[in-house]
Amino acid sequence: MPDVQLVLRSTRVVTPEGTRAASVAVADGTVTAVLPHDAPVPDGARLEDLGDDVLLPGLVDTHVHVNDPGRTEWEGFWTATRAAAAGGITTLVDMPLNSLPPTTTVDHLRVKRKTAADKAHIDVGFWGGALPDNGADLRPLHEAGVFGFKAFLSPSGVDEFPHLDDDHLARALREIASFDGLLIVHAEDPHQLAGAPQRGGPRYADFLASRPRRAEDTAVARLLEHARRFDARVHVLHLSSADALPLLAEAKADGVRVTVETCPHYLTLTAEEVPDGASEFKCCPPIREAANQDLLWQALADGTVDCVVTDHSPSTADLKTDDFATAWGGISGLQLSLPAVWTEARRRGHTLEDVVRWTSTHTARLAGLEARKGAIAPGHDADFAVLAPDETFTVDPAALQHRNRVTAYAGRTLHGVVRSTWLRGERVLADGEFTAPKGRLLTRP
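The text that follows walks through the structure, step by step, so that each part is easy to find. This is a predicted model, so every value here is computed, not measured.

So, on to the overall build of the protein chain. Secondary structure summary: the protein chain contains 12 helices and 18 strands in total. When the backbone C-alpha atoms are referred to their principal axes, the protein chain occupies close to 70 × 45 × 45 Å. Residue burial in the protein chain is summarised as follows: out of 445 residues, 61% are buried. A separation of at least 24 residues holds for 74% of the contacts in the protein chain among residues at least 6 apart in sequence. Carbon and sulfur atoms provide 49% of the accessible area of the protein chain, an area that totals close to 16,000 Å².

So, on to the pattern of salt bridges. Counted under the stated rule, the structure contains 34 salt bridges. Between arginine 424 and aspartate 123 there is a salt bridge whose closest N-O contact spans 2.5 Å. Here arginine 424 is found in the loop between β16 (413-423) and β17 (426-430), whereas its partner aspartate 123 is found in strand β8 (residues 123-126), with 301 residues between them in sequence. Classification of arginine 424 by relative accessible area gives buried; the value is 12%.

Within the structure shown, the criterion is met by nine aromatic pairs. Ring centres of phenylalanine 152 and phenylalanine 161 lie 5.9 Å apart, and the angle between their planes is 75 degrees; this geometry places the pair in the edge-to-face category. An identical accessibility class is assigned to phenylalanine 152 and phenylalanine 161; each is buried. In textbook terms, an aromatic cluster arises when at least three aromatic residues are bridged by ring pairs, as seen for Tyr204, Phe207 and Phe324.

Turning next to the sheet that holds strand β12 (residues 233-236). Read from one edge to the other, the open sheet built from six strands follows the order β9-β10-β11-β12-β13-β14, with strand pairing classed as parallel. Two strands close off the open sheet at either side, each with one partner strand: β9 (128-129) and β14 (307-308). Bridge count for strand β13 (residues 258-262) against β14 is two bridges, and the pairing is parallel. Bridge assignment links glutamate 261 to a residue of β14, and that residue is cysteine 307. Lying over the sheet, helix α8 (residues 245-253) contacts β12 and β13, oriented at roughly 145 degrees with respect to β13.

So, about the pairing of strand β15 (residues 384-394). Note that strand β5 (residues 54-57) and β15 share four bridges and pair antiparallel. Considered in β15, the bridge of valine 54 is made with leucine 387. Relative to β16, β15 is paired through eight bridges, and the arrangement is antiparallel. Bridging across to β16, phenylalanine 393 finds its partner in leucine 414.

About the cut-offs
Residues numbered from 1 in each chain as written. Predicted model: local features only at pLDDT ≥ 70, side-chain atom pairs only at ≥ 80, totals over all residues. Heavy atoms only, no water. Helix = DSSP H or I, 4+ residues; strand = E, 2+ residues; numbered from the N terminus. Buried < 20%, exposed > 50% of the residue type's maximum accessible area, 1.4 Å probe, protein only. Contact = heavy atoms within 4.5 Å. Areas by Shrake-Rupley, 256 points an atom, 1.4 Å probe, with all protein chains shown as cover. Salt bridge = Lys/Arg side-chain N within 4 Å of Asp/Glu carboxyl O. Phe/Tyr/Trp six-rings, centres within 6.5 Å; stacked < 30°, edge-to-face > 60°. Pairing = 2+ DSSP bridges. Axes fitted to C-alpha atoms, helices over the stretch in contact; angles between N-to-C directions.

Next up, the structure:
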């Protein structure tokens, strides 16, 4: 066993066995042991005594739109990974669209990796994309190390990433199932969207009516039908409609290989509080009513929903107009996801162990990274977030690290201050100060 170089000690360490006082030994960037709190520090090791601050495994965010290259004015790897580190996130997986080129061929993946290589403050992996015309590229992308494939069942919002109709979905799933890959799906049905009232303007109620729950429910049902047919692994992205939960629970009980995510904004913001014209709250599918939110929390508690990810989808500020029909749809949440979720979770009686399970353990498993990420346990990367869970702060957009400082959380008081973030035993953020980029580019194990 290599010599221990670092020991992090806290009265509250969140481990797979529960939260306890412990000393975590680190050697060569890996956790080697989780010891009693008062265990002697090995000769030559440095002690970081965190007091009563909580030591968490670094968060793993599997749904991030970095947009680099091509739309770097929206976001880039330098700014996105700094924002992630500021929020206690130590691993992210980048979505294949909104960058130019999209990650839909091996050559495009090489471009993305080259762009990210010297800019990543945390570890970064990549999803591939499934388009109507790139079926021959799916297996090569899988072999090149993407973590799975993103598809839309309704228009994506960018012309270079068209959605899959039912036939294309079946073809893509058949091919991906042939090598036991993973298809992750934006599930909204375009026919249901087309049949909904489409009114422009600043009223949030009109926008909400234009993206009805039945659009999600219908698309989820289609996806589950195909997953059963091909025995395929599928993942439902950013679920907002609680009406789809019974379908998903039944499918899981029947052995369908489906997992489900939701997002901080669906769990902490409600339609009733969105001001008219405030398109910083616009996303697709939309933020829904408080009663719907309550059901999403219940689904997290009972396991129907597996994980919580940001769906960080920024744009330049000028695209966030006061017309909900034309404003860019996306919420920037990397830096604030942990405190936002923790604030609402604690109010509802959940624990930090629950939050870690939803935002780190289960997301690491989704990406196939559970052997190295998502837990403070021997053999795992020494990726940590140090959190003061009882301290509060008021969200000031000027303090955000992502490129365009537009946020739906402006002015909110949140619980949970991230003191420092560690990547493989090296502190990459402390008291607002960042080191040089230390992140690695990850491939599917």
